[in-house]
Amino acid sequence: MPRKVDYGFRYEDDNYDVYEDYDYDYADDYDYEEEENGIAPVTKAKQEASRTGVWRCPICTYDNENSMSACDICGVLRNPLVKVNNKGDTAAAAAFKFDAPSPDDLVSNGLRSVKSKSKGEDSRGRGTNFLVESELAANGLVSSSTSVTRERHNGVEENDSTSGSGNKPETFNTRMDTESLPSKSGKARSIIERKTESISQYIPEKWMTPNNKDDGLSQLNLAIVGHVDSGKSTLSGRMLHLLGRISQKEMHKYEKEAKQQGKGSFAFAWALDESAEERERGITMTVGVAFFTSRKYHVVLLDSPGHRDFVPNMISGATQADAAILVVDASMGSFEAGIDAIGGQTREHAQLIRSFGVDQIIIVVNKMDVVEYSKERFDVIKQKLGTFLRSCGFKDSSILWIPASAMENQNLVANPSEARLSWFKGPSLLDAIDSLQLPERDYSKPLLMPICDVIKSQSQGQVTACGKLESGAIRTGSKVLVMPSGITATARSLERDSQLCNIARAGDNVTVNLQGIEGNQVTAGGVICHPDYPVQVTNRLQLKILVLDISTPIVMGSQLEFHIHHAKEAARIVKILSLLDPKTGNTTKKSPRCLLAKQNAIVEVVLQGPVCVEEYSSCRALGRVFLRSSGRTIALGIVTQVIKREE
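What counts and what doesn't
Residues numbered from 1 in each chain as written. Predicted model: local features only at pLDDT ≥ 70, side-chain atom pairs only at ≥ 80, totals over all residues. Heavy atoms only, no water. Helix = DSSP H or I, 4+ residues; strand = E, 2+ residues; numbered from the N terminus. Buried < 20%, exposed > 50% of the residue type's maximum accessible area, 1.4 Å probe, protein only. Contact = heavy atoms within 4.5 Å. Salt bridge = Lys/Arg side-chain N within 4 Å of Asp/Glu carboxyl O. Expected span 1.5 Å × (residues − 1). Arc of directions from axis to C-beta. Pairing = 2+ DSSP bridges. Phe/Tyr/Trp six-rings, centres within 6.5 Å; stacked < 30°, edge-to-face > 60°. Core = buried A, V, L, I, M, F, W, Y, C linked by side-chain atoms within 4.5 Å. Axes fitted to C-alpha atoms, helices over the stretch in contact; angles between N-to-C directions. Parallel < 35°, antiparallel > 145°, perpendicular 65-115°, else oblique. Left-handed = near helix turned anticlockwise from the far one by under 90°. Nonpolar A, V, L, I, M, F, W, Y, C, P; charged D, E, K, R; others polar. Disulfide = S-S within 2.5 Å. Polar contact = N/O pair within 3.5 Å; in protein donor to acceptor, adjacent residues only side chain to side chain.

Caption draft 1: Layout of the overall build of the protein. Helices and strands together make up the secondary structure of the protein, namely eleven helices and 28 strands. In the protein, which comprises 647 residues, the proportion classed as buried is 56%. Considering only contacts in the protein between residues 6 or more positions apart, those separated by 24 or more positions represent 71%.

Next up, the structure:
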């Protein structure tokens with residue numbers, strides 16, 4: 001059965017006022033009895049806010065524990081923005097507070113095309129050189145499936161990071177300072193000391209490397225992305241049903257329930273959209289995880305939401321992808337809405353997928369039955385979308401085009417039976433999936449697994465963490481370090497493809513049952529790592545970013561949403577160090593006042609809370625960042641320097 005994963009964010013701040021059906025009766029919170037007694041009236045909401053140990057979400061009014069930085073129900077950040085400190089950069093980074101934004105503060109920014117270039121070296125904690133994989137230009141692309149020689153970036157001198165400040169920031173190289181890291185629950189964390197050996201000195205054990213005796217099928221993580229209502233969940237559900245992952249009995253149940261609510265065409269989508277809210281609204285809100293087996297791969301299907309409100313969930317889930325399926329609605333007007341420069345999620349999803357390091361993509365032109373399987377319509381979509389994908393950096397040889405109809409089961413797991421689709425001589429969708437190539441896996445590096453979801457069982461007293469192994473390997477009984485809590489735990493058992501297994505290696509999407517650790521010490525956005533090689537934890541970073549098409553310039557003090565692997569934090573730009581030439585990577589200007597659309601720059605950010613992070617040259621998955629504001633992705637980038645954590 002599919003496993004539904006909640007990655008946190010549910011709504012964007014700029015969209016709360018557009019939901020007309022939101023009807024909150026403030027009279028219920030007013031205490032008229034106190035007013036009659038001559039006491040100054042207060043609301044129940046304020047009374048509840050004064051309760052110790054909880055805080056109330058301003059959107060859904062759910063009472064959350066103080067240890068939660070985001071609402072457990074709707075995912076809204078507790079303190080979404082940073083209060084700007086006008087006294088200078090030195091004071092700005094220290095113990096700042098966050099205020100909730102007003103509608104007037106929200107800015108609508110555009111998102112169109114991206115280009116970027118840079119080079120670096122491959123060694124965790126060794127220097128600050130880097131390699132930009134998020135470049136979306138046609139030249140100089142970096143692939144997650146190819147080996148690239150890394151060089152020192154000759155465009156940024158070592159003293160560039162200090163421009164505008166006068167003091168060189170203290171950075172992490174091969175050692176993390178010994179310090180006590182206070183947890184969100186208020187408990188002191190264990191003191192973790194980073195080993196002095198370089199990551200290159202790590203020697204993996206023999207069992208960590210796969211051999212011919214292992215299962216011949218490798219795991220492929222496949223993200224399903226695209227504009228809202230393009231048929232992503234229906235396509236996924238139909239594939240699972242055809243491949244035997246959903247029984248006929250379960251399918252009959254979904255069909256009956258869908259017809260009762262007047263949504264008979266949503267039956268296959270309900271196989272993954274399991275929550276009542278998703279079914280009522282008819283859209284995917286969180287990333288659904290399901291599994292099936294093809295002739296060549298164990299496929300992990302990541303069904304991502306297409307609505308613009310839930311792009312943060314899409315980022316957190318699809319960042320695990322090795323390849324992607326971009327679903328396009330062939331019907332007249334729908335494709336044009338998805339490719340539109342303002343609000344078109346086909347564009348934004350394609351850009352984000354490329355920035356994840358994905359360079360193989362299957363374009364499924366869905367709902368071909370609506371346009372009578374017209375070859376002319378397919379060719380128009382292929383020409384328009386192909387031009388945009390090439391501008392994002394996808395090569396023609398890495399793009400597969402599949403006309404299909406999920407509702408009529410045409411060209412999914414077998415060649416089409418529809419005579420009107422006889423003009424297509426290419427592979428079916430399942431054959432196209434088998435033609436994908438696996439990216440290179442880092443078996444020889446220490447264990448790193450970003451945690452995308454945590455399941456706590458109070459009755460059994462165990463904690464389960466889900467995620468994709470980015471490097472290394474883990475087996476039953478292994479000792480692991482859970483960051484940022486710094487607690488050592490034991491891997492009690494492992495599950496891969498919903499089946500128990502003894503060993504999981506880099507690239508596997510697994511569920512790890514942990515023993516010897518409390519539930520509040522494991523959080524989504526954390527990292528499970530090797531006990532001798534803990535991941536770095538900080539709240540101050542230097543980034544190389546590519547600014548997308550925005551209408552409002554980025555300036556010092558700009559308040560943003562910061563996304564890195566499965567973690568998200570409120571952030572503020574504290575320094576704009578330099579502008580870079582997009583072609584050569586050389587510094588063109590130091591300490592600019594602002595950043596405009598399509599500019600490349602080196603910036604320094606301070607986060608509300610610490611995150612687990614590595615320099616991009618050390619670990620790509622823990623070094624890619626996304627900056628968002630007012631419901632739009634405004635910049636893509638990488639971590640070039642991990643700066644000492646601000647207290």
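And the narrative resumes.
Caption draft 2: How the structure looks around unusual backbone geometry. In the segment running from Met483 into Pro484, the intervening peptide bond is cis, with an omega of 10°. Looking at the element boundaries, Pro484 is found in the loop between strand 14 (479-483) and strand 15 (487-496). One non-glycine residue, Glu372, adopts positive backbone phi at about 60°. Relative to the helices and strands, Glu372 is located in the loop between strand 8 (361-366) and helix 10 (375-392). Even without being glycine, Lys598 reaches a positive phi, approximately 65°.

Caption draft 3: Looking closely at helix 4 (residues 232-242). Counting buried positions along helix 4 gives ten out of eleven residues, so the element sits mostly inside the fold. Gly244, located one to two residues past helix 4, shows a positive phi value of around 85°.

Caption draft 4: Looking closely at the pattern of salt bridges. According to the stated counting rule, one finds 14 salt bridges in the structure shown. Here Arg420 ties to Glu418 by a salt bridge, and the two come within 2.8 Å at their closest N and O atoms.

Caption draft 5: Structural view of helix 5 (residues 248-260). Between its first and last C-alpha, helix 5 extends 18 Å over 13 residues, near the 18 Å set by a 1.5 Å rise per residue. Met251, Tyr254 and Ala258 are the residues of helix 5 that are buried. Looking straight down helix 5, one finds that the buried residues subtend no more than 60° of arc, so they occupy a single side. In helix 5, the exposed residues that point more than 90 degrees away from the buried face are Lys249, His252, Lys256, Lys259 and Gln260. Check the buried side of helix 5 and you find it contacts helix 4 and helix 6 (276-281).

Caption draft 6: Structural context of the pairing of strand 12 (residues 462-468). Within strand 12, seven of the seven residues are buried, leaving the element largely enclosed by the surrounding structure. The pairing of strand 11 (residues 453-457) with strand 12 spans five bridges and is antiparallel. Of the residues in strand 12, the one forming a bridge with Ser457 is Gln462. Alignment of strand 12 against strand 18 (residues 509-515), held across six bridges, turns out to be antiparallel. Following the sheet pairing, Thr464 is matched in strand 18 by Asn513.

Caption draft 7: Highlighting the packing of aromatic side chains. This model, assessed by the stated rule, comprises four aromatic pairs. Their ring planes at 85° and their centres at 5.6 Å tell us that Tyr202 and Tyr533 sit as a pair that is edge-to-face. With Tyr202 in the loop between helix 3 (89-92) and strand 4 (218-226) and Tyr533 in the loop between strand 19 (527-529) and strand 20 (536-547), this residue pair connects regions lying 331 residues apart in the sequence. For Tyr202, a relative accessible area of 11% corresponds to the buried category. A relative accessible area of 11% means that Tyr533 is categorised as buried. Arranged with centres 5.3 Å apart and planes meeting at 85°, the rings of Phe356 and Phe626 form a pair that is edge-to-face. In this pair, Phe356 is assigned in the loop between helix 9 (345-355) and strand 8 and Phe626 in strand 27 (residues 624-629), connecting sequence segments 270 residues apart. Relative accessible area serves as the criterion here: at 3%, Phe356 is assigned to the buried category.

Caption draft 8: Focus on the nonpolar core. Counting 37 residues, the largest nonpolar core has Leu326, Ile353, Phe356, Ile363, Leu385 and Leu389 as its most contacted members. Listed by contribution, the elements that provide at least two residues to this core are strand 4, helix 7 (311-318), strand 7 (323-329), helix 8 (334-339), helix 9, strand 8, helix 10 and strand 9 (399-403). Among all residues touching Ile363, those that are not within four sequence positions of it are Leu326, Val328, Leu385, Leu389, Ile399, Leu400, Trp401 and Ile402. Ile246, Phe268, Phe292 and Ala323 belong to the second largest nonpolar core, which has 35 residues in total.

Caption draft 9: Quick look at the environment of Ser316. Examined against the element boundaries, Ser316 turns out to sit in helix 7. What makes Ser316 buried here is its relative accessible area of 6%. With 247 residues separating them in the primary sequence, Ser316 and His563 have C-alpha atoms 8.0 Å apart.

Caption draft 10: Quick peek at the packing of helix 7 against helix 9. Running from N to C, helix 7 and helix 9 cross one another at 30°; their axes reach a closest spacing of 11 Å. Overall, the two elements helix 7 and helix 9 adopt an arrangement that is roughly parallel. The hand of the helix 7/helix 9 crossing is right-handed. Of the residues in helix 9, those touching helix 7 at Val311, Met314, Ile315 and Ala318 are Gln345, Glu348, His349, Leu352 and Ile353. Partitioning the contact of helix 7 with helix 9 into residue classes produces six nonpolar, two polar and one charged.

Caption draft 11: Quick look at the state of the cysteines. A full pass over the atoms with the stated rule returns zero disulfides. Its sulfur unpaired, Cys529 is 7.4 Å from the next cysteine sulfur, which belongs to Cys612.

Caption draft 12: A look at the side chain of Thr464. Tracing the backbone shows Thr464 in strand 12. Looking at Thr464, the relative accessible area reads 8%, which means it is buried. Within the local environment of Thr464, its side chain forms a polar contact with the side chain of Asn513, the two groups lying 2.6 Å apart. The residues contacting Thr464, other than those within four sequence positions of it, are Asp453, Val454, Ile455, Thr511, Val512 and Asn513.

Caption draft 13: Quick peek at the pairing of strand 6 (residues 297-303). Among the seven residues of strand 6, seven are classified as buried, and the element is accordingly described as predominantly covered. Both faces of strand 6 are covered, namely the face carrying Tyr297, Val299, Leu301 and Asp303 and the face carrying His298, Val300 and Leu302. Judged from the seven bridges that link them, strand 4 and strand 6 form a sheet pairing that is parallel. From the neighbouring strand, Leu220 faces strand 6, where its bridge partner is Val299. Across six bridges, the pairing between strand 5 (residues 288-293) and strand 6 is antiparallel. Within strand 6, the position partnered with Phe291 by the bridge is Val300. Where strand 5 folds back onto strand 6 in an antiparallel hairpin, the turn is made up of three residues.

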